[in-house]
Amino acid sequence: MTEEPRYGSWGGLQEGRSRRELRLAWRDDRLPEEALSDSSCLCHGNGRSYGDSCLNDGATLMSTRGMDRVIDFDPATGAFECEPGLLIKELLEITVPHGWFSPVVPGTQFVTIGGAVANDIHGKNHHLAGSFGSHVLSFELLRSDGSRLTCSESENPELFRGTIGGLGLTGLITRIRFRLKHVPGAHIEQEKHVFRNLSQFFEMTEELENRFEHTVAWIDCLSKGRSLGRGIMMCGNHASGSSLKAPRAGLLRSVPLTPPFTLVNAPMIRAFNEVYFQKNALSAGSSLIHHRPFFFPLDGVENWNRIYGRRGFHQYQCVIPHGAAEDAIGDMLKRIRRSRAGSFLAVLKRMGSQKPAGILSFSRPGVTLALDFSNHGAPTLELLEDLDRITRSSGGVVYCAKDARMSPESFQSYYPQWRELERLRDPAFNSSFWRRVTKDLS
Ligand SMILES: Cc1cc2nc3c(=O)[nH]c(=O)nc-3n(C[C@H](O)[C@H](O)[C@H](O)COP(=O)(O)OP(=O)(O)OC[C@H]3O[C@@H](n4cnc5c(N)ncnc54)[C@H](O)[C@@H]3O)c2cc1C
């Protein structure tokens, strides 16, 4: 265990204000004395959460990246067990050659398995597979009283459900056992479909979900009038195709430094969206591609978050129940257009009907929308508050892993079950996010 400074989060909004930063490694089987003597401690996976749920202002952060051993992998059954700091990228490098894939992957391969559990992440296959937590068989939880608890649906089931999606607040997960998904190869048979407006997205999405294991849509958030919500639906099924080479690792392009101001503005987004829409509309149809560009297109440019400059950026991700989704998302797009803020990344996905796997899980039946906004201070916060009003009035929720600013009142109305998690929280664990959203609520 060594001291190491400055662990941040992806949005770059609140960096490096923890008082002590510790690095856990293999065989660290007790919580460090320094962590327990501080006002609180929290695990930090790989900092791919956007806001403050992986930060602990004024107290201790413990990086789990060094806890990255594979404990067991059975290529006959696809059962996999590892320490929490293993990255999805590292997992796939080991298992794909044997015909096994992570049951759920997010939009980046640089998240740890511990982070995947603590935020109960979802992916392009949510309509069939649910969230990551639904594939967890068991894990070990180390609590600050020194107890080591095996948690599964039958052993310590409350802590099992509390820790999945529990934002790292129930203790340190030291090992995780989960089920992989069998695949015929490393490739994806991809189909792209154009939709000319939001209604067309809603018309085509169900039919495509019946044919494809993975679906997600990019939308042009600055489109207007009869084109409001136009976009491209990307669909895919796992396929063999050994003739295709994986894009070479180590050739990643990178944003080398953080400029003082954001490089992202509305005219640039408008131009990008036009070119992106037209280019994809022209290339609509099917093709065979490697799984990496299909699942993780953003990973092609290392540190792309730096383009938002020193003030960082917010991601807003909500899920709106099915009946209200089309109207609510239409209203949000109009509000965003009026703000002239715009977002390169605007992702739309219909989620499946599975019940959330954890007490505080985000993913649930409905349609999820995710958008990135440069941080311009008050006007950005006002826009996000307005989006919150639409989400609240349509019975939706905002994703805690992406949030850096929702009010305690919004959080409490989205997640009235938060008190259950508070009861299961390890008294030595806390986060900047949890203090912020539970402040003044009793
Ligand atoms: C480009 C990009 C695309 C994304 N796409 C998606 C997506 O499609 N779907 C989705 O759901 N999310 C998505 N995310 C969000 C990301 O998947 C989650 O925030 C994920 O939890 C980050 O994992 P991490 O390893 O970086 O953990 P961190 O962000 O460092 O931490 C996340 C949480 O895990 C806890 N934690 C980590 N390790 C442990 C442990 N050993 N024990 C207990 N708690 C622990 C931390 O305390 C914290 O609460 C995306 C993020 C990015 C940057």
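Basis of the calculations
Residues numbered from 1 in each chain as written. Predicted model: local features only at pLDDT ≥ 70, side-chain atom pairs only at ≥ 80, totals over all residues. Heavy atoms only, no water. Salt bridge = Lys/Arg side-chain N within 4 Å of Asp/Glu carboxyl O. Buried < 20%, exposed > 50% of the residue type's maximum accessible area, 1.4 Å probe, protein only. Helix = DSSP H or I, 4+ residues; strand = E, 2+ residues; numbered from the N terminus. Domains from an automatic or database assignment. Buried area = accessible area lost by both parts, 1.4 Å probe. Polar contact = N/O pair within 3.5 Å; in protein donor to acceptor, adjacent residues only side chain to side chain. Nonpolar A, V, L, I, M, F, W, Y, C, P; charged D, E, K, R; others polar. Pairing = 2+ DSSP bridges. 1 Å grid on protein atoms, 1.4 Å probe; cavity = no way out; pocket = protein on both sides within 12 Å on 5 of 7 lines; lining within 4 Å. Points joined across faces, edges and corners; volume = space filled by probe spheres on them. Near = heavy atom within 4 Å. pLDDT = per-residue confidence, 0-100. Contact = heavy atoms within 4.5 Å. Phe/Tyr/Trp six-rings, centres within 6.5 Å; stacked < 30°, edge-to-face > 60°. Lys NZ or Arg CZ within 6 Å of the ring centre and 35° of its normal. Axes fitted to C-alpha atoms, helices over the stretch in contact; angles between N-to-C directions. Left-handed = near helix turned anticlockwise from the far one by under 90°.

Draft legend 1. Focus on the pattern of salt bridges. In the structure shown here, the tally under the stated rule is 27 salt bridges. Arg148 is the partner of Glu140 in a salt bridge, and the nearest nitrogen-oxygen pair spans 2.7 Å. Here Glu140 falls in the buried class, since its relative accessible area comes to 17%. The salt bridge partner of Glu213 is Lys181, with a shortest N-O separation of 3.5 Å. With a gap of 32 residues between them, Glu213 in the loop between helix 6 (198-211) and strand 13 (214-219) and Lys181 in strand 11 (residues 181-182) connect regions that are remote in the sequence. Via salt bridges that share partners, Asp52, Glu385, Asp388, Asp403, Arg405 and Arg436 belong to a single interconnected network.

Draft legend 2. Just the domain arrangement of the protein chain, in detail. Along its sequence, the protein chain is organised into domain 1 (2-65), domain 2 (68-183) and domain 3 (187-414). On a C-alpha basis, the centres of domain 1 and domain 3 stand 28 Å from each other. Surface buried jointly by domain 1 and domain 3 totals about 950 Å² across both partners, of which 54% is contributed by carbon and sulfur atoms. Looking only at domain 1, the three residues that lose the most surface to domain 3 are Trp10, Leu13 and Tyr50, adding up to 65% of its buried area. Between the two partners, domain 1 and domain 3, sit zero salt bridges. Counting the contacts that link domain 1 with domain 3 gives four residue pairs in polar contact (both at pLDDT 80 or more). Of the residues that constitute the side of domain 1 that touches domain 3, the class distribution is three nonpolar, six polar and one charged.

Draft legend 3. Expanded view of the pairing of strand 12 (residues 187-195). In terms of strand pairing, strand 12 meets strand 14 (residues 231-239) through nine bridges, oriented antiparallel. Residue Glu191 lies in a different strand from strand 14, and its bridge partner there is Cys235. Both strand 12 and strand 16 (residues 285-290) contribute to a ladder of six bridges, which runs antiparallel. Bridge pairing in strand 16 links Gln190 to Ser287.

Draft legend 4. Up close: empty space enclosed by the protein. For the structure shown, the criterion picks out four cavities of 30 Å³ or more. Looking at the largest cavity, its volume works out to about 60 Å³. Surrounding the largest cavity, Ala118, Asn119, Gly165, Leu167, Leu360, Ser361, Phe362, Tyr399, Cys400, Ala401 and Tyr415 form its lining. Grouping the constituent residues of the lining of the largest cavity by class yields eight nonpolar, three polar and no charged. Here the lining of the largest cavity spans two domains, since at least three of its residues come from each of domain 2 (68-183) and domain 3 (187-414).

Draft legend 5. Fine view of the site of the ligand. As a structural note, the neighbourhood of the ligand is formed by 35 residues, with Cys43, Gly45, Arg48, Ser49 and Thr112 the closest of them. Those elements that place two or more of their residues in the shell around the ligand are strand 3 (41-44), helix 3 (113-118) and strand 10 (172-179). Within the shell around the ligand, the residues separate by chemical class into 17 nonpolar, 16 polar and two charged.

Draft legend 6. Geometry of the confidence of the model for the protein chain. This prediction gives the protein chain a mean pLDDT of 92; 94% of its residues lie at or above 70. Every residue in residues 1-5 is under pLDDT 50, and counting partners more than four places away or in other chains gives 14 contacts.

Draft legend 7. Quick peek at the packing of aromatic side chains. Per the counting criterion, the structure on display carries 20 aromatic pairs. Taking the centre distance of 6.0 Å and the plane angle of 45° together, the rings of Phe295 and Phe296 count as tilted. Of the two residues, Phe295 and Phe296, neither departs from the other in class, the shared state being buried. With a centroid separation of 5.9 Å and an interplanar angle of 55°, the aromatic rings of Trp304 and Phe313 are classed as tilted. Of the two residues, Trp304 and Phe313, neither departs from the other in class, the shared state being buried. Chaining the aromatic ring pairs together yields one cluster made of Trp10, Tyr50, Trp304, Tyr308 and Phe313. Seen from the ring of Phe294, Lys124 lies directly overhead, with NZ or CZ sitting 6.0 Å from the centre. The ring of Phe277 carries Arg230 above its face, with NZ or CZ at 4.2 Å from the centroid.

Draft legend 8. Inspection of the sheet that holds strand 5 (residues 70-74) at higher detail. Read from one edge to the other, the open sheet built from five strands follows the order 5-6-10-8-9, with strand pairing classed as antiparallel. At either margin of the open sheet sits one strand with a lone partner, and together these are strand 5 and strand 9 (148-151). Between one strand and the next, the sheet's axes are offset by a mean angle of 10°, whatever the strand orientation. Each of strand 5, strand 6 (79-82) and strand 10 is contacted by helix 2 (residues 88-95), which is oriented at about 40° to strand 5, the strand it contacts most.

Draft legend 9. The arrangement of the sheet that holds strand 13 in detail. With antiparallel pairing, eight strands are arranged side by side in an open sheet as 16-12-14-13-19-20-18-21. Looking at the sheet topology across the chains shown, the edges are occupied by strand 16 and strand 21 (397-398). Bridge count between strand 18 (residues 313-320) and strand 21: two bridges; the pairing is antiparallel. The partner of Cys318 across the bridge, within strand 21, is Val398. Each of strand 12, strand 13 and strand 14 touches helix 7 (residues 266-282); the most contacted strand, strand 14, lies at about 50° to it.

Draft legend 10. The arrangement of the packing of helix 6 against helix 9 (residues 322-339) in detail. Running from N to C, helix 6 and helix 9 cross one another at 145°; their axes reach a closest spacing of 10 Å. For the crossing formed where helix 6 meets helix 9, the hand is right-handed. Judged by residue contacts, Leu198, Ser199 and Phe202 of helix 6 engage Ala325, Glu326, Ile329, Gly330 and Leu333 from helix 9. Looking at the contact of helix 6 with helix 9 residue by residue, the classes come out as five nonpolar, two polar and one charged.

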